[in-house]
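# Per-entry structural report
Residues per chain are reported as follows:
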Amino acid sequence: MTKTTLVIMAAGIGSRFGGGIKQLESVGPNGEIIMDYSIHDAIEAGFNKLVFIIRRDIEEAFREVIGSRMEKICSALGVEIDYAFQELRNLPEGAEFPEGRTKPWGTGQAVLACKEILQEPFAVINADDYYGKEAFVRLHDFLIAYTPEKSNDLCMAGFILKNTLSENGGVTRGICQVDEKGYLCQVHETRNILKTPEGAVVEGEDGSRTPVDVESPVSMNMWGLTPAFVNLLEEGFQEFFRNPQNDLSKGEFLLPIYIDQLLQEGRVTVQVLPTHDKWFGVTYQEDKETVIQAFQELISKGVYQKDLFSDLT
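Counting from 1, residues in each chain are numbered in the order their sequence is written. Per-residue local features of the predicted model are confined to residues with pLDDT of at least 70, and side-chain atom pairs are confined, for both listing and counting, to 80 or more; whole-chain, interface and lining totals are unaffected and use all residues. The basis for every side-chain value is the complete set of heavy atoms in the structure, and neither hydrogens nor water enter the calculation.

This part takes up the packing of helix H1 (residues 34-45) against helix H2 (residues 59-77). In the contact formed by H1 and H2, the axes pass within 12 Å of each other and the chain directions differ by 20 degrees. Regarding the angle of H1 to H2, the classification is roughly parallel. You can see that H1 and H2 cross each other, and the crossing is right-handed. Here H1 contributes Met35, Asp36, Ile39 and Ile43 to the contact with H2, which in turn contributes Phe62, Ile66, Arg69, Met70, Cys74 and Leu77. Under the scheme applied, nonpolar residues are Ala, Val, Leu, Ile, Met, Phe, Trp, Tyr, Cys and Pro; charged residues are Asp, Glu, Lys and Arg; polar residues are all the others, including Gly. Here the residues of the contact of H1 with H2 are counted per class, giving eight nonpolar, no polar and two charged. Axes here mean lines fitted to C-alpha atoms, for a helix over just the part in contact, with angles spanning 0 to 180 degrees between N-to-C directions. By the criteria applied, helices consist of DSSP H or I runs no shorter than four residues and strands consist of E runs no shorter than two, each listed in order from the N terminus. Relative orientations are named as follows: roughly parallel for angles under 35 degrees, roughly antiparallel for angles over 145 degrees, roughly perpendicular for angles from 65 to 115 degrees, and oblique for any other angle. Put simply, a crossing is left-handed when the front helix is turned counterclockwise from the back one by less than a right angle, and right-handed when it is turned clockwise. Contact between two residues is taken to exist if any of their heavy atoms lie within 4.5 Å; hydrogens are not considered.

Structure representation (structure tokens):
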């Protein structure tokens with residue numbers, strides 16, 4: 001059986017959430033967090049290995065809320081678990097640490113932290129986003145077709161913008177340009193997209209508002225990647241430090257931006273796998289109650305069991 005890994009990026013600080021570790025907030029009837037539902041959907045789709053990317057300073061809380069519990073569940077289901085740690089001072093050889101830097105280096109460095117434990121095709125997700133079942137099935141089906149000859153063939157779950165907006169403030173989305181064959185041409189990382197009665201707008205720092213098409217495909221940082229891609233990622237992180245245009249005091253090495261760079265250089269292809277599921281997540285404190293209600297509705301419709309993992313055993 002082909003091994004496919006789900007990599008969960010759970011090292012984020014959660015600054016907009018207003019305190020606490022937002023990835024560990026309870027949203028389900030038995031204390032489940034959003035990550036529980038993603039793990040359930042991934043295992044149901046066929047993923048058989050999990051890697052949690054966390055920070056050392058949240059390790060104890062993480063293991064208490066999800067790690068130890070998930071190890072027991074996955075052991076019974078034959079699913080392997082591993083951990084990777086995103087370290088602020090884990091830099092490319094020869095790179096100098098910029099004094100005063102406290103912010104993590106971004107999602108690209110997060111995935112790079114898994115370099116020693118990824119020898120198989122893998123999907124990457126955010127810990128605090130709910131993606132729905134369809135996307136995991138599509139990514140898994142893509143990844144199990146992996147061969148070494150396809151090492152530069154990547155994929156991405158393509159959500160519809162209107163299904164990914166928050167009722168409580170602006171969000172950042174990678175708005176995608178896709179060709180007629182379903183391949184990604186470009187990702188425009190777009191900040192502060194606000195939901196409006198008419199649709200959505202991008203609000204600039206000067207208060208200007210530019211309408212955006214709510215039917216646009218967007219990236220939610222849900223990628224299907226290959227073992228060889230990790231080597232490209234390492235190369236990109238080295239370039240990030242060599243580039244004099246990057247502000248090393250606060251700049252970030254972001255996965256969608258680097259993948260877009262590789263696309264423009266013709267070094268990879270990215271197939272966009274459309275999904276029509278509705279995203280939700282806890283970006284703001286006010287989002288939490290909406291997410292709790294959404295899971296209650298999914299359970300009442302039979303999408304999930306109240307005892308979440310009982311249908312997998």
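Additional details are given in the paragraphs that follow.
This brings us to the packing of aromatic side chains. Aromatic pairs are defined between Phe, Tyr and Trp rings, using the six-membered ring for Trp, whenever the two ring centres lie within 6.5 Å; interplanar angles under 30 degrees are classed as stacked, those over 60 as edge-to-face, and all others as tilted. Per the stated rule, a full pass over the model turns up 20 aromatic pairs. Note on phenylalanine 62 and tyrosine 83: the rings are 6.3 Å apart at their centroids and 85 degrees apart in plane angle, and the pair reads as edge-to-face. Here phenylalanine 62 is found in helix H2, whereas its partner tyrosine 83 is found in strand E3 (residues 80-85), with 21 residues between them in sequence. Exposure class is identical for phenylalanine 62 and tyrosine 83. Each is buried. Grouped by ring-pair contacts, the aromatic residues Trp105, Phe237, Phe240, Phe241, Phe253 and Tyr258 constitute a single cluster. Positioned above the aromatic ring of phenylalanine 85 is the side chain of arginine 56, whose terminal nitrogen or guanidinium carbon lies 3.6 Å from the ring centre. By the criterion adopted, a ring carries a charge over it if an Arg CZ or a Lys NZ lies within 6 Å of its centre and within 35 degrees of its normal. Sitting over the ring of tryptophan 105, arginine 101 keeps its end group 3.7 Å from the ring centre. Burial classification: accessible surface area is computed with a 1.4 Å probe over protein chains only, and a residue below 20% of its type maximum counts as buried, one above 50% as exposed, and the rest as partly exposed.

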